[in-house]
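# Structure assessment
Here is how the chains run, residue by residue.
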Amino acid sequence: TESRVISSIILGMDFRAVQSLSLPIETAPLAEMAEVEWPCISKLTFHGVATHSGHMHHLRNIATRMPRLRNLALNLSRSKRVGRTSVFGPSSLPVAAEQIRLSSLKIAYPDPNDLLFSLPMTDLQQLSLHDRPRYHDHMFSGLLRVHWNAPILTATDCLSILTQMDLPRLSSLKVVYIADT
């Protein structure tokens, strides 16, 4: 199957030399990736459809095993069973998280309670807090309600994230949010 092929390729790589990974979340060997040190990865992208919360569970350990991570993109659509994207969750940051110095962060449906946003972000130049698939493209067709969960940030949630972050070098900002009701 696709999962076995992707897994054998990723786990067969020289972890000390890999600089960039862009993988479909559905077939990425997340549990195994969370057990390996990735000393040279500077760019990590997951795309596709998050079909269960287990996909999010491993992000915490994967990110903390990448000391040179500079570009993180989580462009994930949501099935009906999956909520917002959270890398570190709301409870406690692992000590290794302090080493993360992102210059680009792109997250579809971010969780405003994710402690990722409390990390020092003084090197961040690009920030995108967006939707995927585009909410307005599917809003009227009924496809969104049937197939996807679209937990778009409210204005208050968006402001909560932005006020947590110290962004002195930010040069590009994309936010998708809806008005508070």
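Please refer to the structure higher up on the page.
Residues numbered from 1 in each chain as written. Predicted model: local features only at pLDDT ≥ 70, side-chain atom pairs only at ≥ 80, totals over all residues. Heavy atoms only, no water.

### Focus: the environment of Ala 31
Checked against the element boundaries, Ala 31 lands in helix 2 (residues 30-33). Overall, Ala 31 belongs to the partly exposed group, its relative accessible area being 35%. In this structure, the C-alpha to C-alpha distance between Ala 31 and Leu 102, residues 71 residues apart in sequence, is 23 Å. (Helix = DSSP H or I, 4+ residues; strand = E, 2+ residues; numbered from the N terminus. Buried < 20%, exposed > 50% of the residue type's maximum accessible area, 1.4 Å probe, protein only.)

### Concerning helix 1 (residues 2-11)
Within helix 1, burial applies to Ile 6, Ser 7 and Ile 10. Buried residues in helix 1, looked at end-on, bunch into an arc of 100°, giving them a common side. Exposed side of helix 1, more than 90 degrees from the buried face: Arg 4 and Ile 9 are the residues found there. Buried residues along helix 1 sit against strand 1 (20-24) and helix 2. (Arc of directions from axis to C-beta. Contact = heavy atoms within 4.5 Å.)

### A few points about the nonpolar core
If you look at the biggest cluster of nonpolar residues, it comprises 45 residues, and the most contacted ones within it are Leu 21, Trp 38, Phe 46, Phe 88, Leu 105 and Leu 116. In contact with Trp 38, other than residues within four places in its own chain, are Ile 10, Phe 15, Val 18, Leu 21, Met 33, Arg 65, Met 66 and Pro 67. Formed by five residues, the second largest nonpolar core is a distinct cluster that contains Ala 108, Tyr 109, Ile 152 and Val 176. (Core = buried A, V, L, I, M, F, W, Y, C linked by side-chain atoms within 4.5 Å.)

### Side note on the pairing of strand 4 (residues 104-108)
For strand 4, the buried fraction is high: four of the five residues fall into the buried class. When strand 3 (residues 71-78) meets strand 4, the two strands line up parallel, connected through four bridges. Of the residues in strand 4, the one forming a bridge with Leu 72 is Leu 105. Across five bridges, the pairing between strand 4 and strand 5 (residues 126-130) is parallel. (Pairing = 2+ DSSP bridges.)

### Thoughts on the packing of aromatic side chains
Summed over the entire model, instances satisfying the criterion amount to one aromatic pair. Ring plane angle 70° and centroid distance 4.9 Å describe the contact between Phe 15 and Trp 38, whose orientation is recorded as edge-to-face. Taken together, the residues span a long stretch of sequence, with Phe 15 in the loop between helix 1 and strand 1 and Trp 38 in the loop between helix 2 and strand 2 (43-50) at a distance of 23 residues. (Phe/Tyr/Trp six-rings, centres within 6.5 Å; stacked < 30°, edge-to-face > 60°.)

### Quick look at the sheet that holds strand 5
Spatially, 1-2-3-4-5-7 is the arrangement adopted by the six strands of the open sheet, whose pairing is parallel. Of all the strands in the sheet, the pair left with one neighbour each is strand 1 and strand 7 (172-175). Sheet twist, expressed as the average angle between the axes of neighbouring strands with direction ignored, equals 5°. As paired elements, strand 2 and strand 3 share eight bridges and run parallel to each other. Paired with Thr 45 across the strands is Ala 73, a residue of strand 3. (Axes fitted to C-alpha atoms, helices over the stretch in contact; angles between N-to-C directions.)

### Quick word on the side chain of Ser 7
As for its position among the elements, Ser 7 is in helix 1. By relative accessible area, Ser 7 is classed as buried at 17%. In this structure Ser 7 touches Gly 12 and Pro 29, once residues within four positions along its chain are discounted.

### Describing helix 7 (residues 155-164)
The complete set of buried residues in helix 7 reads Asp 157, Cys 158 and Ile 161. Projected down its long axis, helix 7 shows its buried positions confined to an angular sector of 100°, all on one face. Of the exposed residues in helix 7, the ones pointing more than 90 degrees away from its buried face are Leu 159 and Thr 163. Its buried side turned inward, helix 7 meets strand 5, strand 6 (153-154), strand 7 and strand 8 (177-178).

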